[in-house]
Amino acid sequence: MADEELEAIRRQRMAELQAKHGDASNNQQQGEEAKQREHDMRNSILAQVLDQSARARLSNLALVKPEKAKAVENYLIQMARYGSLGGKISESGLIEILEKVRGQTEKTTTVKFDRRRVMDSDDDEDDY
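As the structure is a prediction and not an experimental result, all values here were calculated from the model.

J.: For this particular structure, what's the right way to read the overall build of the protein?
T.: Counting its regular elements, the protein contains four helices and zero strands. Ordering the α and β elements of the protein from the N terminus gives α-α-α-α. Summarising the internal contacts of the protein: among those between residues at least 6 apart in sequence, 69% fall at separations of at least 24.

J.: Teacher, can you tell me more about the nonpolar core here?
T.: Where a protein is soluble and globular, its nonpolar side chains tend to be buried together. Judged by nonpolar contacts, the single largest core of 16 residues is most densely connected at Leu50, Leu58, Val72, Leu76, Ile89 and Leu94. For this core, the secondary-structure elements that each account for two or more residues are α1 (2-49), α2 (52-64), α3 (66-82) and α4 (91-105). Excluding its chain neighbours within four sequence positions, the residues that come into contact with Val72 are Leu58, Leu94, Ile97, Leu98 and Val101.

J.: It is not clear to me how the confidence of the model for the protein should be interpreted in this structure. Could you clarify?
T.: Reading fine detail from the predicted coordinates is not recommended where pLDDT is low. Scored by pLDDT, the protein comes out at a mean of 81, with 85% of its residues at no less than 70. Confidence, read as mean pLDDT per element, is least for α1 in the protein (81) and greatest for α2 (91).

J.: What is the right way to look at the pattern of salt bridges in this model?
T.: Any two side chains of opposite charge can pair if their charged atoms end up close together. In this structure the tally under the stated criterion is three salt bridges. Across the pair Arg42 and Glu73 runs a salt bridge whose closest N-O atoms are separated by 3.1 Å. Of this pair, Arg42 sits in helix α1 while Glu73 sits in helix α3; the two residues are 31 residues apart in sequence, bridging distant segments of the chain. Considered together, Arg42 and Glu73 belong to a single accessibility category, that of buried residues. For Glu91, the salt bridge is made with Arg57, and the minimal N-O distance between the two is 2.8 Å.

J.: Could you clarify how one ought to interpret the side chain of Glu73 in this entry?
T.: The class for Glu73 is buried, based on a relative accessible area of 16%. When neighbours within four sequence positions are excluded, Glu73 is seen to be in contact with Arg42, Leu46 and Leu58.

J.: Please clarify how the packing of α3 against α4 should be interpreted in this entry.
T.: Helices that pack against each other are described as a pair by the angle of their axes relative to one another and the distance between those axes. Packing of α3 against α4 brings their axes to within 10 Å, and their N-to-C directions diverge by 115 degrees. When the interaxial angle is binned, α3 and α4 end up roughly perpendicular. Judged by the twist between their axes, the crossing of α3 over α4 is right-handed. Residues Lys68, Val72, Tyr75 and Leu76 of α3 pack against Leu94, Ile97, Leu98, Lys100, Val101 and Arg102 of α4. Grouping the constituent residues of the contact of α3 with α4 by class yields seven nonpolar, no polar and three charged.

J.: What is the right way to look at the packing of α2 against α3 in this model?
T.: Contact geometry for α2 and α3: axes closest at 6 Å, N-to-C directions at 140 degrees. As the angle between them shows, α2 and α3 are arranged oblique. Residues Leu58, Leu61, Ala62 and Val64 of α2 touch α3, and the partners they reach there are Pro66, Lys68, Ala69, Val72 and Glu73. Of the residues contributing to the contact of α2 with α3, the split by class is seven nonpolar, no polar and two charged.

What counts, and at which threshold
Residues numbered from 1 in each chain as written. Predicted model: local features only at pLDDT ≥ 70, side-chain atom pairs only at ≥ 80, totals over all residues. Heavy atoms only, no water. Helix = DSSP H or I, 4+ residues; strand = E, 2+ residues; numbered from the N terminus. Contact = heavy atoms within 4.5 Å. Core = buried A, V, L, I, M, F, W, Y, C linked by side-chain atoms within 4.5 Å. Buried < 20%, exposed > 50% of the residue type's maximum accessible area, 1.4 Å probe, protein only. pLDDT = per-residue confidence, 0-100. Salt bridge = Lys/Arg side-chain N within 4 Å of Asp/Glu carboxyl O. Axes fitted to C-alpha atoms, helices over the stretch in contact; angles between N-to-C directions. Parallel < 35°, antiparallel > 145°, perpendicular 65-115°, else oblique. Left-handed = near helix turned anticlockwise from the far one by under 90°. Nonpolar A, V, L, I, M, F, W, Y, C, P; charged D, E, K, R; others polar.

This is the structure in structure tokens:
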């Protein structure tokens, strides 16, 4: 009788573990599917908005600077959703947009030298 109860507990525990593991992999799979749908949606919007040369330039930019390409894609998708685009954007139009984004995200670096005075500086020699 104890063996049967022990076996029932084992089966129940195994079923719980399988359900828990199945749910975790199912959630992961759903997350991947959602990412894939979002990626496909972005690509379809960009295909409607950009001509071939502009898409090629944007994909080249994505290889070199993925953050900047993502910012430009977001900007284009936003413009498309609000209807502020007249038609397909050519390569020259994309270059103008890239220059606007560069102007907004350009980081200026400054170097400041802080020279410290030493106790026996050259100024002391002038007193003699």
